[in-house]
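Close look at the chain arrangement
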Amino acid sequence: MPLDAGGWRLAMGLRPLELAAWLEIDEHYGEEIALKTQLLDESYDVVVATEPEGDEASLELLAEIRENLRAHHWGVATPPHEREHAIVAASRLVQEDLCVLVRDDVWRLRAACVCFPSRWNLATKIGATLDDIHRPVPGYDDELARPTNAFFDRLKPDRAFWRLNWTLLDSPALYQPAVARRSPGGKLEDWYFRVERQTLRALPRTNAVVFTIRTHVTSAATLRERDDTFVSTLLHSLDTAPASVQSYKGWTGVAEQLRVALDQG
Ligand code: HEM
């Protein structure tokens, strides 16, 4: 639960990660791998983007994922892969979305398989620097660009990190590539709390950085049942997000509408 009782804030929020906990396998494994297969069949160019500079690191990532699954998730099958890009083969083995960044003069996204994007478009990010990838994010340039780039430069293969990112969306779909954002009305039952568990690690041979995104979606109404403080903390977080963030996330006016609906309920 990434909500902060103190209100909304922009932060790197990185925490150390054991490699045994790098990949998360849960009861949705079968359905999410099936959804990936369908998306790779029907929308390959939306969910995959690669450049030759990312090929070697993608092969290393595939080998690392196989080894990690064998060591820590022995129930998961690791069949030999088809003749396809290694980042796609790797992605078929895990629920995570996978991104590979390689440094030349700066860090750039060179290979990615992102089947569960949260309203952004992969094709516009391939080859881009960290700063350019995050151009639409309010406050990133001033507050996060410098520490994020410095973190990438210092990251060593023997250490891994994770962070959480959350948003509130009006759809539970895992695959949401459309950039368009709107602020619909509605009751708590119309909203979904979407949490991304993101990990970062450097690969030992190529020194490329792997960024994984594991997406969890739960209906806001379910979270209210599980936790008495969820709704008040959520509303406080929405209230305290700057207007630019509310607009970027599609939250403008949402807290007010939720309050009206909750009062009427
Ligand atoms: C320490 C590393 C990183 C930090 C602190 C960070 C931080 C953030 C933040 C705060 C957002 C705004 C999202 C939201 O609040 O809902 C964001 C969005 C995003 N991040 Fe990162 N990020 C990091 C690494 C990466 C990497 C390695 C990638 C590589 C693909 C990436 C790709 C994105 C994308 C595609 C978005 C959505 C941008 C859009 O709306 O067009 N991030 N990131």
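Whatever comes next refers back to the structure up there.
Residues numbered from 1 in each chain as written. Predicted model: local features only at pLDDT ≥ 70, side-chain atom pairs only at ≥ 80, totals over all residues. Heavy atoms only, no water.

**Brief notes about the environment of Arg92**
Mapped onto the secondary structure, Arg92 falls in the loop between helix H4 (86-91) and strand S3 (97-103). The class for Arg92 is partly exposed, based on a relative accessible area of 28%. Each C-alpha atom of the pair Arg92 and Asn149 lies 29 Å from the other, and the pair is 57 residues apart in sequence. Leaving out residues up to four positions away in the same chain, Arg92 has contacts with Tyr29, Ile33, Thr37, Leu40 and Glu84. (Helix = DSSP H or I, 4+ residues; strand = E, 2+ residues; numbered from the N terminus. Buried < 20%, exposed > 50% of the residue type's maximum accessible area, 1.4 Å probe, protein only. Contact = heavy atoms within 4.5 Å.)

**Quick word on the nonpolar core**
Of all hydrophobic cores here, the largest spans 33 residues; its most connected members are Leu61, Ile65 and Ile87. Where this core is concerned, the elements lending two or more residues are helix H1 (29-42), helix H3 (55-72), H4, S3 and strand S4 (107-113). Leu61 has contacts with Trp22, Ile87, Leu98, Val100, Leu203 and Val210, leaving out every residue within four places of it along the chain. (Core = buried A, V, L, I, M, F, W, Y, C linked by side-chain atoms within 4.5 Å.)

**Looking at the pattern of salt bridges**
For side chains bearing opposite charge, pairing can occur when the charged atoms are close. Scanning the entire structure with this criterion turns up 20 salt bridges. Across the pair Arg214 and Asp26 runs a salt bridge whose closest N-O atoms are separated by 2.9 Å. Residue Arg214 is found in strand S7 (residues 209-219), and its partner Asp26 is found in the loop between strand S1 (15-17) and H1; the two are separated by 188 residues along the sequence. You can call Arg214 buried: its relative accessible area is 1%. Of the residues examined, Asp26 reaches a relative accessible area of 22% and is grouped as partly exposed. One salt bridge in this structure joins Arg92 and Glu84, with 2.9 Å as the shortest N-O distance. Taking relative accessible area as the criterion, Glu84 reaches 22% and is therefore assigned partly exposed. Put simply, Glu51, Glu53, Asp104, Asp105, Arg108 and Arg110 are held in one network by salt bridges that share partners. (Salt bridge = Lys/Arg side-chain N within 4 Å of Asp/Glu carboxyl O.)

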